[in-house]
Amino acid sequence: GVEANSRAAKQIAAQSQATPPGGVEPPMGQRPLLLSVDDDDINQEVIEQTFGTEYRVVRAMTGMEAFAYIDSGKEFPSVMLLDVMMPGMTGFEVVREVRNKRALSHTQLPVVMLSARSPQDATASEAFESGATDYMQKPFSSAILKQRLSVLDEVRQEILKAQVAAIEEYKRERKNEAHAPAPEAAAQEPPAAAKKAEELAKGEGDAGAGDGGAGKNVAAAAARLEVLTKLQKERDDFKARLDAKQAEAAAAAKELKTLVDDRERLQAELKSAIAARGARPGGSPPPR
């Protein structure tokens, strides 16, 4: 888990240095890496054909193959697409190990679970409880899944870049503190200099002057991270409401189908009853 975290952090740090602020593209124009975990060859072909333009797709046919790739030291995936029903480890077991045993957060490794298992609302609930970042029902809309992955990747990149920036600013601030004058020397400064030092310590000085600039940058990075975290929570809340509405619509459609089936069955029974009542020995219709 620690080694995987380190590779993810180094990769994001490298991307942050290679791209302008706010950019989300990997270095040298490379596409993000998508780890597709599914035991069905046809499903894997669909994933590769659907996302092969936007992502470099790596296949894993089982949960163990997925962890073998993560532990291999190769490029860390930007996102994982995970099937629920697989031999050996189920998708629920895989994502629980990702979150608990390996301690990989949603930011470090977003996991989108896909399943055709019924009932869908119970499957989706178990997926999120196990640690899925997102969930979609099979068969899925390629356009919608692409949009969801794009949003996940953008939020992940922005949060990790803000974290990297905050860490770098913190390191610079600590370095500046190490070179600051000793307390005895600071006490001998004239009142104007002491006032200026106090302003800089509070982050009220010029953003580009001395240590004050670093302090302000740290505060700005922290504020940005807080905003991004809030936006991610709002997105998750919206997704939860959307999934709830979809579940309600699916339940209503199921209930409607049951009613239609019941009506057709009753109509068939009524026709049979009418035919039986109208039949007489010899096959002639009853007198009017």
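Note that this is a predicted model, so its numbers are computed, not measured. (Residues numbered from 1 in each chain as written. Predicted model: local features only at pLDDT ≥ 70, side-chain atom pairs only at ≥ 80, totals over all residues. Heavy atoms only, no water.)

Asks: Quick rundown of the overall build of the protein chain? Include the residues and the values.
Replies: Secondary structure summary: the protein chain contains 9 helices and 5 strands in total. Ordered by position from the N terminus, the helices and strands of the protein chain form the series α-β-α-β-α-β-α-β-α-β-α-α-α-α. Burial status across the protein chain gives 34% buried among its 288 residues. For the protein chain, long-range pairs separated by at least 24 residues make up 61% of all intrachain contacts whose partners lie at least 6 apart in sequence. (Helix = DSSP H or I, 4+ residues; strand = E, 2+ residues; numbered from the N terminus. Buried < 20%, exposed > 50% of the residue type's maximum accessible area, 1.4 Å probe, protein only. Contact = heavy atoms within 4.5 Å.)

Asks: Please provide a residue-by-residue account of the packing of aromatic side chains, values included.
Replies: One pass over the full model with this rule turns up 1 aromatic pair. Taken together, a centroid distance of 6.3 Å and an interplanar angle of 75° make the contact between Phe51 and Tyr55 edge-to-face. What makes Tyr55 buried here is its relative accessible area of 8%. (Phe/Tyr/Trp six-rings, centres within 6.5 Å; stacked < 30°, edge-to-face > 60°.)

Asks: Requested: an account of the pattern of salt bridges, with residues and values cited.
Replies: The tally for this structure, following the rule as stated, stands at 12 salt bridges. Here the salt bridges do not stand alone but share partners, grouping Asp38, Asp83 and Lys138 into one network. (Salt bridge = Lys/Arg side-chain N within 4 Å of Asp/Glu carboxyl O.)

Asks: Residues and numbers for the pairing of strand S4 (residues 111–115), please.
Replies: The buried fraction of S4 is high, at 5 of 5 residues. Going residue by residue along S4, you find Val111, Met113 and Ser115 tucked away on one face and Val112 and Leu114 tucked away on the opposite face as well. Note that strand S3 (residues 79–83) and S4 share 4 bridges and pair parallel. Considered in S4, the bridge of Met80 is made with Val111. Note on the crossover from S3 through helix H4 (residues 91–101) to S4: the handedness is right-handed. Bridge count for S4 against strand S5 (residues 134–137) is 4 bridges, and the pairing is parallel. Among the inter-strand pairings, Ser115 is bridged to a residue of S5, identified as Gln137. You can see the chain leave S4, run along helix H5 (residues 120–130) and come back into S5, and the turn it takes is right-handed. (Pairing = 2+ DSSP bridges. Right-handed = clockwise from strand over helix to strand, strands pointing away.)

Without other data, these values stay purely geometric and don't point to any function.
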